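# Structural features, examined
Residue-level listing of the chains:
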Amino acid sequence: MKSNLAKIIRRVNPALSKAGLVLAFSFSVSALTLAANLTTDTSVDSSSNHNQLSVATSTLVAKAKDLRPYQERDFQDEVFYFVLPDRFYNGDAANDFGASLSDTQRALSRGGFDPTHKGMYHGGDLIGLTEKLPYLDNMGISAIWLTPILRNRAVQAGTSGYHGYWILDFTEIDPHLGSNAELKHFIDQAHQRNIKVFFDIITNHTADVIKYEECHGKAGNAWLVKGDDCPFKSSEQLAQGERYTPLIPLGEEAIKSPTWLNDLKYYHNQGDSFWQGESAVRGDFAGLDDLYTQHPQVVAGMIDIYKNIIDEFKPDGFRIDTVKHVNIEFWQAFSPALMQHAKAQGIKNFFMFGEVYSFEPELLSRFTTEAKIPSVLDFAFQGAMEKTLVQQQGTDVLAKLFAQDHLYQSNNSNANQLVNFTGNHDMGRFAYMLKNSPKNYSEAAQIERNLLAHAMMFFSRGVPVIYYGDEQGFVGDGGDQASRQDMMPSKVASYNDDDLLATDNSTADNNFDVSHPFYQRFSEYAALYQQYPALRFGQQEVVYAQDSAGIFAITRDYQVTENSDKKSQKLLVVFNTATQAQPLTKVMKQSDVQLIYRSVNSGSSDEIAALSFAIYQL
């Protein structure tokens, strides 16, 4: 989005301008002044043919050091950054192909490197991620969530394991990303900056090794059925003797680690899932070997695997993949065991949250209450963002969502611990949803709605997650591979033809621009989030919603005990999803409030500008 860039940015926030090499912004707040004066110099990035506006590391501010020590911080204190290490930054080209040619033991973890192909490895690694910690710290990130980093099968079905979800070895790091020692160094460097590190973990499946004679032939290398799936066999069919004959292809009998994972009896072996009924829990997830998680030895084995991960690497928590595809009884044993073990290792605020891909709070909440997982990714929140800001439904959609927050209440969980996000590596970016909308939004509208969605993510109840690249205006062409662009200069044609938001860059450039308006705005949001405990811990109450686009208002009420050294706070947060200014008389009297922050100046103090938000002290 090029020609009208400066005008668009000034419309979104007149204080943000890319006209000069010095970018400064500040705005009046009652108890908080946020300011940045980032001096940049123009240089040539040697890894690209493009001139880059680069920022000297000395100008980046280490912000996490001002927070409570990471060992003492609550999960609700965090601002997360979710990143695919392979797509972030290449710090060591020597590991681009994974295992070395001489490493016969890990031969299946070599190859798959093709930076021109969106489904192959691109070279990002842990050394590169370590090098870019100042970039994240300066944005206000306090916790980093990595996609799975354990050793994968490098290539299967014509694509690669760059994403990390095809694990062969649960005891070591994938060589494309680095070594165990380099992971420890990354964690140590993050911790020195007072930033937490969360691992993405998998218990539902391993890489695809097991084949079925009936589908793949006796050698496991054929395809004998029609269609793309090996049809699922139900328990009823198994009881009638109708079952598959599982096998492991010659030479692959012992390629998984720990060794018990090579035993066929620890898998369901019922064919491919069709995502409904019994198949959703017992079927192979897109052909991946589905573990028999009802088996007590599998439960014990998975607990031991991740106890060892905690012992060796000391992560601050786990995000758990494919949670709803595993039986709840597994989680009832797994989750408490890991939480207790981490605390015994001195990680007293260790935390876990799960991926339950559902937009229904009734289902999501089962996994925080019945399954005993402390939190889940709030897909229902993401869906409400899309309905209100992409589809332009009424703000009562949000009210209906938050009216169900009581479902998450238990001894160990509550709605304030839910994990908020606008888009991700599976469904795609929020910017893509806007671009792809039949509403045919202008470039200015896409910018405004994207920023407002992220504000709702930060300041509604829940813990915010920034999906890597969103701070640089990444858009994408859809979900999955189409939403996993490179931050380093990309060679993927379908990435590089994207028109990024609020920048003249493309993904062919090095996209670590700290002057990007989204990066700057997210930094502001993070500072507000950290400054006001009510935005992290305050009880949320909806005070106004309507059946059309317009005002949505909530209060965040944070009360402390008499003996606490902290102060109680009550804030009013007002969002306007309409394309016209709205009167604030709907939600407050001017004499009752004190302005803290306003994202867009309005022509009058008694109204809120279109597609903006404001925060007030009550």
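All of the points below concern the structure found in this document. Small disclaimer: the values here were computed from a predicted structure and weren't measured.

## What to know about the nonpolar core
If you look at the biggest cluster of nonpolar residues, it comprises 160 residues, and the most contacted ones within it are Tyr81, Phe88, Tyr306 and Phe459. If you tally residues by element for this core, the top one is helix 14 (residues 443–459), at 10 residues. With residues up to four places along the chain from it excluded, the contact list for phenylalanine 459 reads Tyr525, Leu528, Tyr529, Leu535, Ile554, Arg556, Val573, Phe575, Phe613 and Ile615. Among the nonpolar cores identified, the runner-up in size contains 11 residues, and Ile551, Leu584, Ile608 and Tyr616 belong to it.

## A word on helix 8 (residues 296–313)
Counted at 1.5 Å a residue, the expected span for helix 8 with its 18 residues is 26 Å, and the 26 Å between its end C-alpha atoms agrees. Those residues of helix 8 lying buried are Val298, Val299, Gly301, Met302, Ile303, Ile305, Tyr306, Ile309, Ile310 and Phe313. Next to the buried residues of helix 8 lie strand 7 (150–152), strand 10 (167–173), helix 4 (180–192), strand 11 (196–201), strand 16 (317–320) and helix 9 (328–344).

## Concerning the sheet that holds strand 27 (residues 612–617)
The antiparallel open sheet is built from 5 strands, whose spatial order is 21-22-23-27-25. With partners counted over all chains shown, the strands left at the sheet margins are strand 21 (539–544) and strand 25 (594–598), one partner each. Across the sheet, the mean angle from the axis of one strand to that of its neighbour is 25°, orientation sign disregarded. Inspection of the sheet shows strand 22 (residues 551–558) paired to strand 23 (residues 569–576) by 8 bridges, in the antiparallel sense. Counterpart to alanine 553 in the pairing with strand 23 is valine 574. Across the face of the sheet, helix 14 comes into contact with strand 22, strand 23 and strand 27 while running at roughly 160° to strand 23.

## A word on the packing of aromatic side chains
The relative placement of two aromatic rings is captured by the distance of their centres and the angle of their planes. Counting across every chain of the model gives 46 aromatic pairs. Judged by centre distance (4.8 Å) and plane angle (70°), the rings of tryptophan 275 and phenylalanine 285 are edge-to-face. Placement of the pair is tryptophan 275 in the loop between strand 14 (246–247) and helix 7 (279–282) and phenylalanine 285 in the loop between helix 7 and strand 15 (289–290), with a sequence separation of 10 residues. Aromatic side chains phenylalanine 459 and phenylalanine 613 sit 5.4 Å apart centroid to centroid with 35° between the ring planes, which places their arrangement in the tilted category. Within this pair, whereas phenylalanine 459 is found in helix 14, its partner phenylalanine 613 is found in strand 27, the two being separated by 154 residues in sequence. Taken together, the ring pairs connect Phe75, Phe80, Phe82, Trp145, Phe198, Phe351, Phe353, Tyr467 and Tyr468 into an aromatic cluster. Over the ring of tyrosine 244 we find lysine 233; its NZ or CZ atom is 5.1 Å from the centre of that ring. The residue whose ring lies beneath arginine 429 is tyrosine 468, and the NZ or CZ to ring-centre distance is 5.1 Å.

## A short note on the packing of helix 8 against helix 9
Two elements in contact, helix 8 and helix 9, have axes whose closest approach is 10 Å; the angle formed by their N-to-C orientations is 25°. Between helix 8 and helix 9, the angle falls in the class roughly parallel. For the pair helix 8 and helix 9, the sense of crossing is right-handed. Of helix 9, the residues touching helix 8 (which contributes Val298, Val299, Met302, Ile303, Tyr306, Lys307, Ile310 and Asp311) are Phe330, Ala333, Phe334, Ala337, Leu338, His341 and Ala342. Class assignment of the residues belonging to the contact of helix 8 with helix 9 gives a composition of 12 nonpolar, 1 polar and 2 charged.

Cut-off values and rules
Residues numbered from 1 in each chain as written. Predicted model: local features only at pLDDT ≥ 70, side-chain atom pairs only at ≥ 80, totals over all residues. Heavy atoms only, no water. Core = buried A, V, L, I, M, F, W, Y, C linked by side-chain atoms within 4.5 Å. Buried < 20%, exposed > 50% of the residue type's maximum accessible area, 1.4 Å probe, protein only. Helix = DSSP H or I, 4+ residues; strand = E, 2+ residues; numbered from the N terminus. Contact = heavy atoms within 4.5 Å. Expected span 1.5 Å × (residues − 1). Pairing = 2+ DSSP bridges. Axes fitted to C-alpha atoms, helices over the stretch in contact; angles between N-to-C directions. Phe/Tyr/Trp six-rings, centres within 6.5 Å; stacked < 30°, edge-to-face > 60°. Lys NZ or Arg CZ within 6 Å of the ring centre and 35° of its normal. Parallel < 35°, antiparallel > 145°, perpendicular 65-115°, else oblique. Left-handed = near helix turned anticlockwise from the far one by under 90°. Nonpolar A, V, L, I, M, F, W, Y, C, P; charged D, E, K, R; others polar.

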